[in-house]
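# Structure assessment
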Amino acid sequence: SLPVTRSRLFSVRVSLGLAETAVIQVLACSAIWSAFWLAHPAFRPNATPSDMFKHSVAAFFCVIAVYSLGVFFSAFLDDLYQHWATLSTVVGTVIILGRVPLPASMDAFLILSVASPLHTHTMPWIAMATLLGLSGVLLLIALKIVQSREY
């Protein structure tokens, strides 16, 4: 038997992954904002640090949904199959949502484009809540799979 529970191992792994993802997200958004600030003076009034922060928070919700999907698939698939399953699911979702449009307030993929705080100067709360709920459900299912597996 292990000296720690599987749920603790799982939660530490997920927490560290989310922390690393947040750091990478902050660095990427800071680099993009500084590149716009230095290279394109015409964008300076449109891309304020506040809007860039809002965009990075909204984009983080998109990233954690994909991360949660990867964690879900890693609970029962090997590495290679996990990556292919995550990629196929995301691409399939994009294709399906392209053919069956959701209301703009719920379409999570619009957070990175038309509904971005860089364009609207407001936060897409409903889409972010949808992504957070989806991430929570995927992580809970993955936790139950990890707890019930025989190793």
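Cut-offs applied
Residues numbered from 1 in each chain as written. Predicted model: local features only at pLDDT ≥ 70, side-chain atom pairs only at ≥ 80, totals over all residues. Heavy atoms only, no water. Helix = DSSP H or I, 4+ residues; strand = E, 2+ residues; numbered from the N terminus. Buried < 20%, exposed > 50% of the residue type's maximum accessible area, 1.4 Å probe, protein only. Contact = heavy atoms within 4.5 Å. Axes fitted to C-alpha atoms, helices over the stretch in contact; angles between N-to-C directions. Parallel < 35°, antiparallel > 145°, perpendicular 65-115°, else oblique. Left-handed = near helix turned anticlockwise from the far one by under 90°. Nonpolar A, V, L, I, M, F, W, Y, C, P; charged D, E, K, R; others polar. Core = buried A, V, L, I, M, F, W, Y, C linked by side-chain atoms within 4.5 Å.

### A look at the overall build of the chain
Broken down by element type, the chain carries five helices and zero strands. Starting at the N terminus, the α and β elements of the chain follow one another as α-α-α-α-α. Sorting the 151 residues of the chain into buried and exposed places 30% on the buried side. Counting only contacts in the chain whose residues sit at least 6 apart along the sequence, the fraction spanning at least 24 positions is 65%.

### Thoughts on the packing of helix α2 (residues 49-74) against helix α3 (residues 79-99)
Remark: α2 packs on α3, axes separated minimally by 9 Å, with the N-to-C direction vectors making an angle of 135 degrees. As the angle between them shows, α2 and α3 are arranged oblique. Judged by the twist between their axes, the crossing of α2 over α3 is right-handed. For the pair α2 and α3, the contacting residues are V66, L69, G70, F73 and S74 in the first and Q82, A85, T86, T89 and V90 in the second.

### With respect to the environment of S56
Note on placement: S56 falls in helix α2. The spacing of S56 and Q25 is 31 residues in sequence and 6.8 Å in space, taken between C-alpha atoms. In this structure S56 touches Q25 and C29, once residues within four positions along its chain are discounted.

### Topic: the packing of α2 against helix α5 (residues 125-148)
Closest axis-to-axis distance for the α2/α5 pair is 8 Å, and the angle between their directions is 20 degrees. Of the possible angle classes, the one that applies to α2 and α5 is roughly parallel. As α2 packs across α5, the resulting crossing turns out to be left-handed. Taking contact as the criterion, the partners of V57, A58, F61, C62, I64, A65, S68, L69, V71 and F72 in α2 are, on α5, M128, L131, L132, S135, L138, L139, I141, A142 and I145. Of the residues in the contact of α2 with α5, the class split is 17 nonpolar, two polar and no charged.

### A short note on the nonpolar core
Judged by nonpolar contacts, the single largest core of 13 residues is most densely connected at F10, V14, V71, F72, F73, L139 and A142. Mapped by element, the contributors of at least two residues to this core are α1 (6-39), α2 and α5. Considering every element that reaches this core, the biggest residue donor is α5, with five residues. The residues contacting V14, other than those within four sequence positions of it, are Y67, V71 and L139. Membership of the second largest hydrophobic core comes to eight residues, among which are C62, I64, M123 and M128.

Spatial relationships are all this shows, so hold off on functional conclusions.
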